[in-house]
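The primary structure of each chain is shown beneath.
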Amino acid sequence: METAVQVMGIDAGGTMTDTFFVRGDGRFVVGKAQSNPQDESLAIFNSSEDALAHWKRTVDDVYPELVTCVYSGTAMLNRVVQRKGLDVGLICNKGFEHVHSMGRAIQSYLGYALEERIHLNTHRYDEPLVPLNRTRGVTERTDVQGTVVIPVREAEVRKATRELLDEGSKAIVICLLQSHKNGDSERQVRDIVRDELEKAGAEVPVFASVDYYPARKESHRMNTTILEAYAAEPSRQTLKKVSDRFKKHGAKFDLRVMATHGGTISWKASELARTIVSGPIGGVIGSKLLGETLGYDNIACSDIGGTSFDMALITKGNFAIAADPDMARLVLSLPLVTMDSVGAGAGSFVRIDPYSGSIKLGPDSAGYRVGTCWPESGLDTVSVSDCHVVLGYLNPDNFLGGAIKLDVERARQHIKEQIADPLGLKVEDAAAGVIELLDLQLREYLRSNVAAKGYSPTDFVCFSYGGAGPVHTYGYSEGLGFKDVIVPAWAAGFSAFGCACADFEYRYDKSVDLAVPQNGSPEDKRNAARAIQQGWEELAAKVVEEFKINGFDAKDVILRPGFRMQYMGQLNDLEIVSPIHSAASEGDWDKMVETFEETYSRVYASAARSPELGFSVTGVIMRGTVVTQKPVLPEDPEEGPEPPAAARLGTRKFYRHKKWVDATLWKMEDLKPGNEITGPAIIESDATTFVVPDGFATTLDKHRLFHLRETGSKVSH
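Worth saying up front: this structure is predicted, and the values here are computed from it rather than measured. Throughout, a residue's number is its position along its own chain's written sequence, starting from 1. Selection of residues for local features in this predicted model requires a pLDDT of at least 70, selection of side-chain atom pairs for listing and counting requires 80 or more, and totals for whole chains, interfaces and linings are taken over all residues. Calculation of side-chain values draws on the structure's entire complement of heavy atoms; hydrogens and water are dropped beforehand.

**Some words on the UniProt feature "domain: Acetophenone carboxylase-like C-terminal" (unreviewed entry) in the chain**
- Here, the residues flagged by UniProt with the feature "domain: Acetophenone carboxylase-like C-terminal" (unreviewed entry) are residues 521-710.
- Helical segments are the DSSP runs of H or I of at least four residues, strand segments are the runs of E of at least two, and each set is numbered from the N terminus. Span residues 521-710 is 24% helix and 35% strand, its end C-alpha atoms 59 Å apart. UniProt positions are given in the numbering used here, feature names are shortened, and annotations may be inferred rather than shown by experiment.

**So, the packing of helix 16 (residues 522-549) against helix 17 (residues 586-603)**
- Each axis is a line fitted through C-alpha atoms, taken for helices only over the stretch in contact, and angles between the N-to-C directions span 0 to 180 degrees. Between helix 16 and helix 17, the shortest axis-to-axis distance is 7 Å and the interhelical angle comes to 75 degrees. Classified by the interaxial angle, the pair formed by helix 16 and helix 17 is roughly perpendicular. Together, Pro 522, Lys 525, Arg 526, Ala 528, Ile 532 and Trp 536 of helix 16 and Glu 586, Trp 589, Asp 590 and Met 592 of helix 17 make up the contact between the two elements.
- Grouping the constituent residues of the contact of helix 16 with helix 17 by class yields 6 nonpolar, no polar and 4 charged. An angle below 35 degrees is read as roughly parallel, one above 145 as roughly antiparallel, one from 65 to 115 as roughly perpendicular, and any other as oblique. Whether two residues are in contact is decided by their heavy atoms: any pair within 4.5 Å suffices. Three categories are distinguished: nonpolar for Ala, Val, Leu, Ile, Met, Phe, Trp, Tyr, Cys and Pro, charged for Asp, Glu, Lys and Arg, and polar for the others, with Gly belonging to the last.

**Focus on empty space enclosed by the protein**
- The method works on a 1 Å grid over the protein atoms by themselves. A cavity is a set of points holding a 1.4 Å probe that cannot get out, a pocket is an open set with protein on both sides within 12 Å along at least five of seven lines, and residues with an atom within 4 Å of a point line them. Grid points are joined across faces, edges and corners, and a volume is the space filled by probe spheres set on the points. In the structure shown here, the tally under the stated rule is 5 cavities of 30 Å³ or more.
- Space inside the largest cavity adds up to approximately 90 Å³.
- Lining the largest cavity are Tyr 71, Gly 73, Ala 75, Met 76, Ser 235, Thr 238, Leu 239, Val 257, Thr 275 and Ser 278.
- Ranked by residue count, the leading element in the lining of the largest cavity is helix 9 (residues 218-248), at 3 residues.

**Points about the domain arrangement of the chain**
- Where each domain begins and ends is defined by an automated method or by a domain database. The domain architecture assigned to the chain consists of domain 1 (83-227), domain 2 (348-437) and domain 3 (506-626).
- The C-alpha centroid of domain 3 is placed 51 Å from the C-alpha centroid of domain 2.

**Points about the nonpolar core**
- As used in this record, nonpolar core signifies buried Ala, Val, Leu, Ile, Met, Phe, Trp, Tyr and Cys residues forming a set joined through side-chain atoms within 4.5 Å. Partly exposed residues are those whose accessible area sits between 20% and 50% of the maximum for their type, while under 20% is buried and over 50% is exposed, using a 1.4 Å probe and protein chains only. In terms of nonpolar packing, the biggest core is built from 161 residues, with Phe 21, Phe 246 and Trp 490 touching the most fellow members.
- A domain-level breakdown of this core finds at least three residues from each of domain 1 (83-227) and domain 2 (348-437).
- In this structure Trp 490 touches Phe 20, Phe 28, Val 30, Leu 290, Phe 497, Leu 633, His 703, Arg 704 and Leu 705, once residues within four positions along its chain are discounted.

**A closer look at the packing of aromatic side chains**
- By convention, a stacked pair of Phe, Tyr or Trp rings (six-membered ring in the case of Trp) has centres within 6.5 Å and planes under 30 degrees apart, an edge-to-face pair has planes over 60 apart, and any other such pair is tilted. Applying the stated rule across the entire model yields 30 aromatic pairs.
- Ring centres of Phe 494 and Phe 497 lie 5.2 Å apart, and the angle between their planes is 40 degrees; on these two criteria the pair is classed as tilted. Of this pair, Phe 494 and Phe 497 both sit in helix 15 (residues 494-501), 3 residues apart, which is roughly one turn of the helix.
- In textbook terms, an aromatic cluster arises when at least three aromatic residues are bridged by ring pairs, as seen for Phe 20, Phe 28, Tyr 465, Trp 490, Phe 494 and Phe 497.
- Note on geometry: a ring has a charge over it if NZ (lysine) or CZ (arginine) is within 6 Å of the ring centre and within 35 degrees of the ring normal. Here the basic side chain of Arg 23 rests over the ring of Trp 55, its NZ or CZ set 4.8 Å away from the ring centre.
- For the cation-ring pair, Arg 256 lies above Phe 504, with the distance from its terminal atom to the ring centre recorded as 4.7 Å.

**Focus on the pattern of salt bridges**
- Salt bridge, as used here, is a side-chain nitrogen of Lys or Arg placed within 4 Å of a carboxyl oxygen of Asp or Glu. All chains considered together, the criterion is met by 49 salt bridges.
- A salt bridge links Asp 195 to Lys 199; the shortest N-O distance between them is 3.8 Å. Note that Asp 195 and Lys 199 are positioned in helix 7 (residues 184-199) at a spacing of 4 residues, about one turn of the helix.
- The exposure class assigned to Asp 195 is partly exposed, which follows from its relative accessible area of 31%.
- According to the relative accessible area criterion, Lys 199 is exposed, its value standing at 61%.
- Bridged by salt links that share partners, the residues Glu 505, Arg 507, Asp 509, Arg 560, Arg 564, Asp 573, Glu 575 and Arg 623 form one connected network.

What follows is the structure, encoded as structure tokens:
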């Protein structure tokens, strides 16, 4: 009897849809299929079939066995970027109707390089999610202390609701000033709007920011609540389709989605905007679990897909969480795992800048269409993948396990016309130059990100994954001096693996403003502790409520309180996991300060501490989890350094450092733990290609992780 399959992870990216299945004994398989923006459920089905074929099983056998399934994808983000969401109406304070379209002004240059940020003529405003004709201001004012100074004028709210309906609003969002301090007015407006909609017989959902994101910073809160209506509601339909297809094949589990804070929530959760970016986060969660198993504290995570290079740092076993990040050129108030992204990946387009004559990569990309090397792509602009194919890195007959065939000659022709001839280079040298340029950009990016946190790469292990990670690992890690460079055999499905590692977790945040001087009185400390406790209790009730919707009892939920604290006079706060479960006394306050100071010294440096003015708590946090099955790393017996003859597939010509060499080809699945491969070599699997050039060697360990190292026998340039 085969062990039942228990866990499934899904990463529906812009280029590929990966699936990851884990059996009860911890064994796993990875599947891949081309993404299908029209019907995600179909791409997931195809990818599942691809994975389960390795175990000679089918979707109909396996879906009914699954205990849990976690989805992550880019559909919601793409919906925002392409402005294809619901028509939303907005009610705000009178006189503040333009706040949303102004975007705090910083939205006009988000995502731009420094040289473009400093010139006003390169700034631009995107179309606002809600246009002015569907925005209405109503008279009301709550002051910064939370006192209602001008009460809501009911007649104005009713009139605004009718006008928004006439303008074709399919959802209504309410966001009033200071509602995170006192939500009474906003709730009152919400109830009047619902009443008016009922009278009009209109079934339109209403979103009040106080019910979703009671956090300070108007633009952030407004954007996030609008997203909930604009993008999350339509995404719920996508997820329903995915869930329905699972049920059609006998599945009994409840589909969960990866959230921005690194936990997973149900697709039925009230706050679905928390899943706006989920794919890359899976990789960070997977890296953290891997690090814990292997005993690594400091990890540089690097994920290369078709469209971007995403990186995150895990320091002392933890990743940082940003409270008000930006995403798709919008400022948001969502807790988001801190990640940095460069818009350059394996599918990025390559062009020559007409002014400087230099090569430019991206920011646009071929996405699931790969490049001109795929004759059916309909593309004629060269992409990075075309350079890979011409240089012999990729096998044109085994891309996606042979599902699509690539045309090397076609790619050569396009590179010759668009890049090589204008620069007066041979085709190979032009293609090699593109790859070196991309590797250099990524290497610089990785190095500067580690250095900016006050660390050196020698303190870190680098994890490299994503469908295109292993093709570039040697290039962007070379010479940085990482302690170790690791490529998982399942690199292509690593984000989906991370989803399967994530806790079933709900998290709620709330802004507070509490300040206590350095030598504050016992009374001050007690009051602050009590206010924090009150916030925790309020959020805990919300967390438990969400789990009840998913059929869990309050007693199944493990609650973990947290808070955000900063030194008074400083601008940035830090998220802290609370050392205590409830707060009431001055001693409790002191414990919280002590934990904050320890964390601060770890993130920055102990010399940077500045407690002179005292401490301020800016927000309270409550996370709740229930226990779920996680993948276990495989452990295979070591079989010595010599790879089995069956794993050798022959050789392929491979161009680097101005010459062609014969690279030995290996089949990844047939290599055994302990095997050592010395470059030049290419290790192929259906889902990814791992390049080991001259001057590098790699060893496979018992967990099926490849360790890449520089051997120093470099060919001179």
